[in-house]
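Okay, here's what each chain looks like letter by letter:
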Amino acid sequence: MQLAVLGGFVLAAFAPLLHRWFGERAGLVMALLPASLSLWLFFQLPAVTAGEVLVFEYPWVPGLDISLTFLLDGLSLLFALMISVIGVFVLIYTRGYLKGHPDLARFHVVLVAFMMSMLGLVLADNVVTLFVFWELTSITSYLLIGFNHTDPEARKSALQSLLITAGGGLSLLAGLIMMALIGDSWSLQGLTSQGDVIREHGFYLPILLCVLGGAFTKSAQFPFHFWLPNAMAAPTPVSAYLHSATMVKAGIYLLARLQPGLGGTEAWMTLLSLFGAVTMVTGAFLALRHTSIKSLLAYSTVMALGTLTMLLGIGTKEAMVAFATFLLAHSLYKGALFLVAGILDHETGTKDIAAMGGLRRAMPVTATCAGIAALSLGGVIPLFGFIGKESMLEAVLHAERFSPFLSALSLSAAIMTLAAAAIVALRPFFGTRRETPRAPHEGPPEMLVGPILLAGLSLLLGVAPELASGLIAAAASSVNGEPLHASLSLWHGINPALMLSLVSLVLGLLIFRYWGHWRAWLRPLEPLFARGPEAGYFKFMDLIVTVSIWQTRMLQNGYIRNYLVMTLLVLVGLTGYTLLARQGLTFDFALDVHIHEVLVVGLMVSGAITACIMRLRLAAVAAVGTMGFCIALIFVTFSAPDLGITQLLVETLTVILLVLVLFRLPRFASLSTSLERVRDLVVAGSTGLLVTLLILTVLDGRLFPSISDYMIANSQPEGHGHNIVNVILVDIRALDTLGEVFVLALAAIGVYAMLRFHSSEHDDRHPPSRKESRNG
Amino acid sequence: MVRSGTLILSVAARLLMPLQLLFSVFLLLRGHDEPGGGFIAGLVASGGFALYLFAYGIRATRTMLRVAPQDLIGMGLFLSVVSALPALWHGQPFLTAQWWTIPVLGFKFSTPLLFDIGVYLIVLGSVLTAVVALMEGDHDDD
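Residues numbered from 1 in each chain as written. Chains lettered and ligands numbered in written order. Predicted model: local features only at pLDDT ≥ 70, side-chain atom pairs only at ≥ 80, totals over all residues. Heavy atoms only, no water.

Per the secondary structure count, chain B includes five helices and two strands. Its helices and strands taken in sequence order, chain B reads α-α-α-α-β-β-α from the N to the C terminus. Here the C-alpha coordinates of chain B stretch approximately 55 × 30 × 25 Å along the principal axes. Taking all 142 residues of chain B together, the buried fraction comes to 53%. (Helix = DSSP H or I, 4+ residues; strand = E, 2+ residues; numbered from the N terminus. Buried < 20%, exposed > 50% of the residue type's maximum accessible area, 1.4 Å probe, protein only.)

How two aromatic rings sit relative to each other is set out by the distance from centre to centre and by the angle between their planes. All names here are of chain A. For the structure shown, the criterion picks out eleven aromatic pairs over all chains. Pairing Phe70 with Phe133 gives two aromatic rings, centres 6.4 Å apart and planes at 55 degrees, and the pair type is tilted. In this pair, Phe70 is assigned in strand S4 (residues 70-72) and Phe133 in helix H6 (residues 127-145), connecting sequence segments 63 residues apart. Under the relative-accessibility criterion, Phe133 is labelled buried at 5%. The structure contains a cluster of three or more aromatic residues connected by ring pairs, namely Phe226, Tyr537 and Phe538. Here the guanidinium or amino end of Arg513 rests over the ring plane of Tyr514, the centre of that ring lying 5.1 Å away. Here the guanidinium or amino end of Arg519 rests over the ring plane of Trp515, the centre of that ring lying 4.1 Å away. (Phe/Tyr/Trp six-rings, centres within 6.5 Å; stacked < 30°, edge-to-face > 60°. Lys NZ or Arg CZ within 6 Å of the ring centre and 35° of its normal.)

Moving on: the UniProt feature "transmembrane region" (unreviewed entry) in chain B. As annotated by UniProt and renumbered to match this structure, "transmembrane region" (unreviewed entry) occupies residues 7-27, 39-60, 72-89 and 109-135 of chain B. Regarding residues 72-89 of chain B, the helix share stands at 94% and the strand share at 0%, and the terminal C-alpha atoms are separated by 27 Å. (UniProt positions renumbered as here; feature names shortened; annotations may be inferred.)

Residues and elements named next belong to chain A. Scanning the model with the defined rule gives seven salt bridges over all chains in all. The partner of Arg257 in a salt bridge is Asp73, and the shortest N-O contact between them spans 2.9 Å. Of this pair, Arg257 sits in helix H13 (residues 249-262) while Asp73 sits in the loop between S4 and helix H4 (74-97); the two residues are 184 residues apart in sequence, bridging distant segments of the chain. Accessibility expressed as a relative area gives 8% for Arg257, which makes it buried. Taking the shortest distance from any N to any O, the salt bridge between Glu266 and Arg401 comes out at 3.2 Å. Separated by 135 residues along the polypeptide, Glu266 in helix H14 (residues 266-287) and Arg401 in the loop between helix H18 (384-397) and helix H19 (403-426) bring together distant segments of the chain. On the accessibility criterion, Arg401 (28% relative accessible area) is partly exposed. (Salt bridge = Lys/Arg side-chain N within 4 Å of Asp/Glu carboxyl O.)

Time to look at the nonpolar core. Within the largest apolar cluster, 194 residues are counted, with the highest numbers of intra-cluster contacts made by Leu228, Leu262, Leu288, Leu311, Phe323, Leu328 and Phe384 of chain A. Of the residues forming this core, the biggest block, 20 residues, is contributed by helix H16 (residues 317-348) of chain A. What Phe323 of chain A contacts, discounting residues up to four positions off in sequence, is Leu75, Ile252, Ala256, Leu308, Leu311, Leu312 and Val479 of chain A. Ranked by size, the runner-up nonpolar core spans 46 residues in total, among them Ile122, Leu124, Val131 and Val132 of chain B. (Core = buried A, V, L, I, M, F, W, Y, C linked by side-chain atoms within 4.5 Å. Contact = heavy atoms within 4.5 Å.)

With that settled, consider helix H2 (residues 38-65) of chain B. Residues and elements named next belong to chain B. The end-to-end C-alpha distance of H2, which contains 28 residues, comes to just 19 Å, noticeably less than the 40 Å that a straight helix rising 1.5 Å per residue would cover. Of all the bends in H2, the greatest, near 125 degrees, is centred on Gly57. Among the 28 residues of H2, 21 are classified as buried, and the element is accordingly described as predominantly covered. Once H2 finishes, Arg66 follows within two positions and takes phi at roughly 70 degrees, a positive value. (Expected span 1.5 Å × (residues − 1). Bend = angle between axes of the 7 residues up to and from the residue.)

Bringing the UniProt feature "domain: NADH-Ubiquinone oxidoreductase (complex I) chain 5 N-terminal" (unreviewed entry) in chain A into the picture now. Taken from the UniProt record, the annotation "domain: NADH-Ubiquinone oxidoreductase (complex I) chain 5 N-terminal" (unreviewed entry) applies to residues 63-107 of chain A. Secondary structure over residues 63-107 of chain A splits into 62% helix and 11% strand, and the C-alpha atoms at its two ends are 37 Å apart.

This part takes up the interface of chain B and chain A. Taken residue by residue, the interface counts 51 residues in chain B and 43 residues in chain A. Here chain B and chain A share an interface that buries about 4200 Å² over both sides, 71% of which is from carbon and sulfur atoms. Considering only the side of chain B, the residues that lose the most area to chain A are His32, Phe115 and Leu134 of chain B, jointly responsible for 14% of the buried surface there. Run the count over chain B and chain A and you get zero salt bridges. At the junction of chain B and chain A, the tally comes to ten residue pairs in polar contact (both at pLDDT 80 or more). Only H2, helix H3 (69-84) and helix H5 (111-136) of chain B provide two or more residues apiece to the side of chain B that touches chain A. Tallying contributions element by element places H5 of chain B first for the side of chain B that touches chain A, with 15 residues. Tallied by class, residues from the side of chain B that touches chain A come to 28 nonpolar, 13 polar and ten charged. (Buried area = accessible area lost by both parts, 1.4 Å probe. Polar contact = N/O pair within 3.5 Å; in protein donor to acceptor, adjacent residues only side chain to side chain. Nonpolar A, V, L, I, M, F, W, Y, C, P; charged D, E, K, R; others polar.)

Rendered as structure tokens:
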């Protein structure tokens, strides 16, 4: 299992190579991976529906309790199946939609990486692993949304989605860590099995708020819903994938996964059901404002996400079953509808529904798929969406709290969704034929296979819901925490939920009939929409920019003297305070120095003073060099030859570098006033004093046992080396060294870039290209 | 400005540089048991190249180096990271040292040595990158 997901990332990396080998068919070749995964997942169905939880152990960082263990229970299986099945269709579909696009290889890299991140997310059992995959989906979806990177709108939307979801990710990280510390387990299974401990802990509310912060931003709940419709700037297959089964459902998945651990409390039920209900109505309402087919579908996705959150908030067994049913139904019809929207866009050249009409003759298959999927969206019998909507309405009617309120909101959302469904299914295909930018004709087979199969599944599961009962029951059981029974059926008899469905059908069709009037009627409200939460987002971004500019001017104005003063003052302030508060100034020491030590130290001090008062740069450099050589001498007298050699060499090279730099500097000038010099003297003096005090304190009392004994004892037997310094550098503390050499390399590249770009600004003889520098 | 080509410097550089490089390799290889190691050896080697650079200028030094100094950094990083991987093969934590004795020579090859060679190259590459970039800015390349 781990192999499949991690192998998928490798496959993503090789996508450009596959493009070279297979050309246009590379997408189909890559679709083999999710296809085989779907098959494998499909064969796990019997075991999982029987209530088994398949665990795939794999240690990753055992020392930190981080594992790559994957878990396959009902909920994971439902999600994983949706991700891989729809993934197959999206990959096939892309071949038609982005035919001949120059960046198709790049698209495949990111799409497959995204698919694997999503799979990892729904399968991960470890909190940290879950978070890693969570962030990977944020980053890869950023790249997918901004795929048309030359379009400023796409870049803006991509950045918006990244900032919102990654910001939420930070909040989630805090929540997950708190939860793991309280539950004393980094495994999701371990955490959800001890929900009472977490729920009764004093930190329960902060944890809940942090987790919701992550889940609500990812799943576009009100007031963060605005990023999702904006993300429609992505190519349509991406929208189909991100907004039907994957990205935006990640937050929902997380909430469902944590329901046994965090759910069931007053706060959970109130927050989730209210936010969910508000999101649901907002999405359904805003959908009808738009004539672009993609925006309309995006807002209806917001509606669905709100519904799912609300169902989790209600928390009854009925609601869990409704949750799983609605989730599956939504993925099927929304995937199909987005793919249809892509066909319409691709074949007619417009996304505006109002500009289409009478296309059913030109595109009969597309029209049929759109019709079936839209009927499922509207919740019309006998489609799977109907079962989803019925069970949702039942759960709302039987909710333990806010039932009347939630029912009213659900009904109005259902009415508006039905209207939206009718718009999508009927407007483009029926009525009078309108001229479109491109002469419409049926989409190519690779674009039709996805919608046909997804719409077909909606119909099949609607007519024979018992096929899905097992999976739905297993998924609902994992959300519930204990096994529960679910039997889906199309006909529940005449009951209140059916009545509500009928009401929504009639009223929804009415809205559809008068859709034009409806939009005209809403037009005066435009200024209100402009002041929605998105305006708050832009205000916030402006604020960040303003603060950044201000603090850059204050702290990072480019003068190294200011940086030094700031850094040293902070150091003296914080360390000095800690030293005085924690330790106090108690030390007694016996003066035991030799004459040669005094001589060396005296030389150093005079070197330092000379460097300060010299008015010639070269002389100052020489004086500082003297200090360096004296330090080397001290190292040698205290038998640390390695340090001594290093110091000597560093000093030599420093002098070489400084001499080179000195030629580039402007003439020596005194820029500081005498007041500033006094300030500098105070800063430098207090830093020196602090370091002296620190050393005296450390020498006086051993605060902790020295680690050098361990190093000395283990250097030869474990590290096979007599030179302890070197063994520490390359073996015992090799990870530190690795980090340091990376810093060194970065610093060198920084110097290189700075000098190259600087000189190329002034002199065209030295362009900053590598090729040039190699030959030159 | 840095003038290249004075006779004493040129002769000295030509004689000293091979010695310095040899010495740096010596320091590198013996570093595990005696004073030395990748960092020090890298500094010695960059000192040698810097001397050559001052004596013969950038073009001659580049020709002798054959690779761009920045590429040395890349190679060094690559070697250090690669040296961390064999441990994973044995299921040990990242960077655990592995030792192999080469039978005939009795020479002990190890991942710490590989790592140290990486450090050597990075130090050499970093210093040379900075020095070369600074010298090139001086407009008297040859």
